[in-house]
Amino acid sequence: MASDDRGVEIKGNSLDGMTILLGITGGIAAVDSVRVSRELRRHGATVKVLMTHSAQQVISPMALEWASAGEVISDWDSDMKQLDDVDAILVTPATRNFLSSIDHGLMYNPLLMAISAARTRNSPIFCVPSMHEDLANDPVTDDIVEKIRKQGIEVFWGPLAEGKRKTPGQVEIVARLAHFINSGKNNRRSVVVTLGATRSAIDDVRFIQNLSTGRTGWDIAEHLYRNGHDVTVVKGATEVQDLDYIPLTIEATDPNEMLEELLALANDDIDAWVHSAAVLDYLVEQQAEGKLASQQGPLNVELQEGKKHIQELSEKCKSACRIGFKFESGIKRADLIHRAVAQIEKSNMTAVIANRLEDRGNEEMPRAYLVDSNATHFPLQTQLDLCIAVQTLVERH
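Worth saying up front: this structure is predicted, and the values here are computed from it rather than measured.

### Some points on the packing of aromatic side chains
So, point 1. Scanning all chains against the criterion turns up two aromatic pairs.
So, point 2. Measuring from ring centre to ring centre gives 5.8 Å for phenylalanine 126 and phenylalanine 180, while their planes differ by 55°; the resulting arrangement is tilted. One end of the pair, phenylalanine 126, is in strand E5 (residues 125-129); the other, phenylalanine 180, is in helix H8 (residues 170-182), and 54 residues separate them in sequence.
So, point 3. What makes phenylalanine 180 partly exposed here is its relative accessible area of 23%.
So, point 4. With 5.6 Å between their ring centres and 35° between their planes, tyrosine 225 and tyrosine 245 make a pair best called tilted. Of this pair, tyrosine 225 sits in helix H9 (residues 215-226) while tyrosine 245 sits in the loop between strand E13 (230-235) and strand E14 (248-251), placing them 20 residues apart in sequence.

Here it is in structure tokens:
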């Protein structure tokens, strides 16, 4: 029996249970629609594709049938399936001619009819234009975009490169679409996520630093953003690329500077705090001026205990959902849970995500444990499980 090679790896839940109509018009960026379709599916969406005649001159409907594992509408038919109710419409690429047709209420192809029906139903519509720079900068284009935005349609411009306003990558398009759809749901929160390692300088070129790549924090921030939450990231030193579509990212690699940023943010109405940053417990007492000379024999560096961020924020954030992280090494699981509970009690946390160094990379062990104030602990088998657990805590608080 032949295997189905259309499957995708599930990466998130932000589009679970949703049917997304992917509209494709005749720009050359239509060649990227296969990637967009599969990315939609990776986050739980069922994908229906609707192609204009011009789009079919750029890419074959057969390619989209494979990518979407579903139906492709390529012309008018008696079933009028373009009028079926969907959860959202994504049009990428959207040519200027197509945007102008939306503005003027034209209906000369099935995709424009689907747009009209979606406006009537107040369904989310998200357009990603692609055109030459001269067309994008035409004042008439600005006028068209402004008018359709007033209709509630989201228009997102990609980067300017090689004289063209190109469509962004499929990951960013789907992330922004998911945020646009989900931000209107109930229980959406303002969330601060700390991530990465912190550093304390020894001299102008040397420092001590905790072990952290920042990947888990970024995964949490991205997951919450895709699910419609208003996310602010405060980052230390990281080894992974920033996500440009996160609304606000503040860099603070020094522990004291990071704490100052957090205390300032605490003056705003923040609903939830996720403290995944690896904050140094001990800081260099006095940084040396310049660069210490090498080959001078042993070097003694005096360390002093640093401030605990979660404790310093405890009073100002006591009504918020507060999720801490506990990373240990060389201890039993029972001791790990005990220390997580102690952190909850001492710093007034809602819950703690706890894990051990020796369990990293061991597929037989959970990625981490979610621990509450009653010492109840739930194994989180994967990184996605961890992100969903954080999302659940944030939305239920």
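### Brief notes about a nonpolar patch on the surface
So, point 1. A cluster of nonpolar side chains, namely Tyr282, Leu299, Val301 and Leu303, defines an oily patch on the protein surface of about 370 Å² accessible area.
So, point 2. Relative to the elements of secondary structure, tyrosine 282 occurs in strand E16 (residues 282-284).
So, point 3. Residue classification places tyrosine 282 among the partly exposed positions, given a relative accessible area of 45%.

### Describing the side chain of serine 200
So, point 1. Secondary-structure assignment places serine 200 in strand E11 (residues 199-201).
So, point 2. For serine 200, a relative accessible area of 5% translates into the label buried.
So, point 3. At a separation of 2.9 Å, a polar atom in the side chain of serine 200 contacts the main-chain amide nitrogen of valine 284.

### Brief notes about the pattern of salt bridges
So, point 1. Evaluation of the coordinates by the stated rule reveals 21 salt bridges.
So, point 2. The closest approach of N and O atoms between glutamate 395 and arginine 188, which form a salt bridge, is 3.2 Å. Of the two residues, glutamate 395 sits in helix H13 (residues 383-396) while arginine 188 sits in the loop between H8 and strand E10 (190-195), which places them 207 residues apart along the sequence.
So, point 3. When its relative accessible area of 17% is taken as the criterion, glutamate 395 is described as buried.
So, point 4. On the accessibility criterion, arginine 188 (21% relative accessible area) is partly exposed.
So, point 5. Salt bridges sharing partners connect three or more residues here, namely Glu39, Arg42, Glu222 and Arg226.

Procedures and definitions
Residues numbered from 1 in each chain as written. Predicted model: local features only at pLDDT ≥ 70, side-chain atom pairs only at ≥ 80, totals over all residues. Heavy atoms only, no water. Phe/Tyr/Trp six-rings, centres within 6.5 Å; stacked < 30°, edge-to-face > 60°. Helix = DSSP H or I, 4+ residues; strand = E, 2+ residues; numbered from the N terminus. Buried < 20%, exposed > 50% of the residue type's maximum accessible area, 1.4 Å probe, protein only. Patch = residues over 30% accessible without salt bridge, like charges linked within 9 Å, V, L, I, M, F, W, Y side chains within 5 Å. Areas by Shrake-Rupley, 256 points an atom, 1.4 Å probe, with all protein chains shown as cover. Salt bridge = Lys/Arg side-chain N within 4 Å of Asp/Glu carboxyl O. Polar contact = N/O pair within 3.5 Å; in protein donor to acceptor, adjacent residues only side chain to side chain.

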